[in-house]
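Examining the three-dimensional arrangement
So the chains spell out like this:
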Amino acid sequence: MAGITAYGAYIPFNRLDRRRLTEAFGEPAPPGEKAVANYDEDSVTMAVEAARDCLNGLSPAALSGVYFATTTPPYREKQSATTVAAALDAPENVRTADFTSTLRAGSTALLAAADAVRADGGSVLVAVADCRPAAAKGHFEQLFGDAAAAFVVGTENVLAEIEGWCSVAGDVLTQWREAEDRYVRTWEERFITSRGYAPLVTRALASLAAKLQLTPADIKKIALYAPSPRYHTGMALALGFRQDQTQDGLFDRVGLAGAAHAPLLLAAALEEAEPGDRILMVTFGEGAEAILFRATEKIKDFSPRRGVSGHLASKKNTMNYLTYLRWKNMLDFEPPRRPDPDRPSAPAMWRNARRNLAFYGSRCNRCGTPQIPAQRVCVHCQARDEMAPYRFADLSARIATYTIDHLTFSHDPPVVFAVVDFEGGGRLLCEMTDCDPGRVEIGMEVEMTFRRLYRAGGIHNYYWKARPRRFVAGEKSEQP
């Protein structure tokens, strides 16, 4: 049987309290907060973080495929799944694919992964992430949030098997972005729901119910995409589901996460699932897809590194509205009085891909000392050319010393540079992110996170930064 063998999620550390929107415009805003990707995050970096959360104790070397689903890819022409695979250190012969241009890209990628493992075996990782742009003072600005979810689909050690699915196509113009559009555009709300969302979702669920002889009473949780909180509750009730069967839509804590929204709710439902529970995920976008999962006995044997609950508990919601606009590149600021960064060299990126994306250094075969960046001569025993590749991405570290730089240009000043010592050995000077400069201190435990350093000449340059170690269930957080 094909199904989910691992799952995980990622919700950005920074949240915007919606009261800041009320303060900015003097108009009512929905309650709660929404997750906001940092200026150095995008759909690719969030997909990598969700995948790392998912691959908790699992080796990327076992993956036969890496699929990436989003409506907000960094490139119009260049595959992003290859960047995700490289950052995870997946094998070179892994199959990669991007699924995009629709809000149901995530469910389509999951079904494609299930088809692949049924046909050829192996395991396929599906990472779904979105950070959709929304114009200021609009409904979407109040609603949209950024998030990601990831799943491994396979046929062995299945946590939740796929019992059935149904897909309905409907070319109804509801929301769209042309190639030149920066922000999502939409048709009138009543048309979206009465001619698009409601009939297509109902048709998909009716077809699945008829095929599998299902009733709403057979379902433990429904992870339902909806265009707003109002329709999330109303649609679930209209379909015959009780409120306690409807997975929390997270509108007041994350926001509407585009293609990642229903997968994020599915990950949250899996965290609480018991063996035998049936979970129904429903997506919408130019049609609708419904996928039914049944939790197996192995659901108790797996837990993500942090999961949805861990990421919800780890946050910072002191962001002001101007910072939000700056991170979203919605305000023109005076440029720094220094040359723009040079466009990254494609040959240099190719040569350094394993170091920059997979975050490899080296370890001396003679004395066992890890070193980053990779060295030819060991800093400890001076052995020459006796090094083996050594990956640092998943190692914890502590700050040995740091500096707070108020002169370096940043979208989130000041910049914190830290020298970190990795567990087991290895020292690196790196930039910190998602931190309060006033609370950084020597000895603070940090972890590495995949981020976008800068964009120049149309090329996105990715590398790793350090952040204060984030909350894990049962542990004390070092950063509120």
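What counts as what
- Residues numbered from 1 in each chain as written.
- Predicted model: local features only at pLDDT ≥ 70, side-chain atom pairs only at ≥ 80, totals over all residues.
- Heavy atoms only, no water.
- Helix = DSSP H or I, 4+ residues; strand = E, 2+ residues; numbered from the N terminus.
- Rg over C-alpha atoms; globule rule 2.2 N^0.38 Å.
- Buried < 20%, exposed > 50% of the residue type's maximum accessible area, 1.4 Å probe, protein only.
- Contact = heavy atoms within 4.5 Å.
- Areas by Shrake-Rupley, 256 points an atom, 1.4 Å probe, with all protein chains shown as cover.
- 1 Å grid on protein atoms, 1.4 Å probe; cavity = no way out; pocket = protein on both sides within 12 Å on 5 of 7 lines; lining within 4 Å.
- Points joined across faces, edges and corners; volume = space filled by probe spheres on them.
- Nonpolar A, V, L, I, M, F, W, Y, C, P; charged D, E, K, R; others polar.
- Patch = residues over 30% accessible without salt bridge, like charges linked within 9 Å, V, L, I, M, F, W, Y side chains within 5 Å.
- Salt bridge = Lys/Arg side-chain N within 4 Å of Asp/Glu carboxyl O.
- Pairing = 2+ DSSP bridges.
- Axes fitted to C-alpha atoms, helices over the stretch in contact; angles between N-to-C directions.
- Core = buried A, V, L, I, M, F, W, Y, C linked by side-chain atoms within 4.5 Å.
- Phe/Tyr/Trp six-rings, centres within 6.5 Å; stacked < 30°, edge-to-face > 60°.
- Polar contact = N/O pair within 3.5 Å; in protein donor to acceptor, adjacent residues only side chain to side chain.

With that settled, the discussion passes to the overall build of the protein. The helix and strand inventory of the protein stands at twelve helices and 21 strands. In terms of C-alpha radius of gyration, the protein reaches 23 Å, essentially the compact-globule figure of 23 Å for 480 residues. In terms of its C-alpha atoms, the protein occupies a principal-axis envelope of roughly 70 × 55 × 45 Å. The buried share among the 480 residues of the protein stands at 54%. Look at the contacts in the protein between residues 6 or more apart in sequence, and 71% of them connect residues 24 or more apart. With an accessible surface of roughly 21,200 Å², the protein has 50% of that area assigned to carbon and sulfur atoms.

Per the stated rule, a full pass over the model turns up four cavities of 30 Å³ or more. Its boundaries defined by the atoms lining it, the largest cavity holds a volume of some 70 Å³. Residue assignment for the lining of the largest cavity shows that the elements contributing at least two residues are helix H2 (43-54) and strand S20 (445-456). Looking at which element gives the most residues to the lining of the largest cavity, the answer is H2, with three residues. Of the residues belonging to the lining of the largest cavity, the class tally is one nonpolar, one polar and seven charged.

A cluster of nonpolar residues, Leu173, Trp187 and Phe191, forms a patch on the protein surface that exposes about 310 Å² of accessible area. Here Phe191 shows up in helix H6 (residues 189-212). Under the relative-accessibility criterion, Phe191 is labelled partly exposed at 32%.

Okay, the sheet that holds strand S18 (residues 415-422) next. Spatial ordering of the open sheet is given by S19-S18-S17-S20-S21, a layout of five strands whose pairing is antiparallel. Two strands lie at the open edges of the sheet, namely strand S19 (427-431) and strand S21 (459-468), each paired on one side alone. Between one strand axis and the next, the sheet turns through 25° on average, direction left out of account. In terms of strand pairing, strand S17 (residues 397-405) meets S18 through eight bridges, oriented antiparallel. Directly across from Ile399, in S18, lies its bridge partner Val420.

Attention shifts here to the pairing of S18. Where burial is concerned, most of S18 is hidden: six out of the eight residues are buried. What sits between the antiparallel neighbours S18 and S19 is a turn of four residues, in which Gly424 has the positive phi angle 90°.

A few words now on the nonpolar core. Nonpolar side chains in soluble globular proteins generally cluster together in the buried interior. Ranked by size, the top nonpolar core spans 139 residues in total, and within it Leu125, Val201, Leu280 and Phe359 carry the most contacts. Those residues in contact with Leu280 that sit more than four places away from it in its chain are Leu205, Leu208, Ile219, Lys221, Ile222, Ala223, Phe241, Ala290, Ile291 and Leu292. Core analysis: the second largest hydrophobic core is formed by ten residues, Leu16, Val36, Tyr324 and Met330 among them.

Evaluated as defined, the whole model comprises 15 aromatic pairs. Taking 5.8 Å as the distance between ring centres and 25° as the angle between the ring planes, the aromatic pair formed by Tyr321 and Tyr324 counts as stacked. Here Tyr321 and its partner Tyr324 are both found in helix H10 (residues 321-327), three residues apart, which amounts to about one turn of the helix. Using a relative accessible area of 10% as the deciding quantity, one classes Tyr321 as buried. Classification of Tyr324 by relative accessible area gives buried; the value is 3%.

Once that is clear, we can look at the sheet that holds strand S11 (residues 221-224). Read across the open sheet, the nine strands follow the order S5-S4-S6-S7-S1-S8-S13-S12-S11; overall the sheet is mixed. On the outer flanks of this sheet lie strand S5 (95-100) and S11, each paired with one strand and no other. This sheet shows a mean twist of 25° between the axes of neighbouring strands, independent of strand direction. Judged from the two bridges that link them, strand S1 (residues 3-10) and strand S8 (residues 160-169) form a sheet pairing that is antiparallel. The residue bridging Gly3 from the neighbouring strand is Glu161, located in S8.

Moving on, we get to the pairing of S19. One ladder, built from five bridges, connects S18 with S19; its direction is antiparallel. Residue pairing for S19: Asp421 is matched across the bridge by Arg427.

So, about the environment of Asp394. By secondary structure assignment, the location of Asp394 is in the loop between strand S16 (387-391) and S17. Counting along the chain gives 54 residues from Asp394 to Met448, while the straight-line C-alpha distance between them is 7.0 Å.

Another aspect to go through is the environment of Arg427. For Arg427, the location among the structural elements is in strand S19. Sequence separation of Arg427 and Pro370 is 57 residues, and the distance between their C-alpha atoms is 8.7 Å. Ignoring anything within four residues of it in the chain, the contact list for Arg427 reads Ile372, Ala400, Val419, Val420 and Asp421. Within the structure, Arg427 has its side chain in polar contact with the side chain of Asp421 (distance 2.6 Å).

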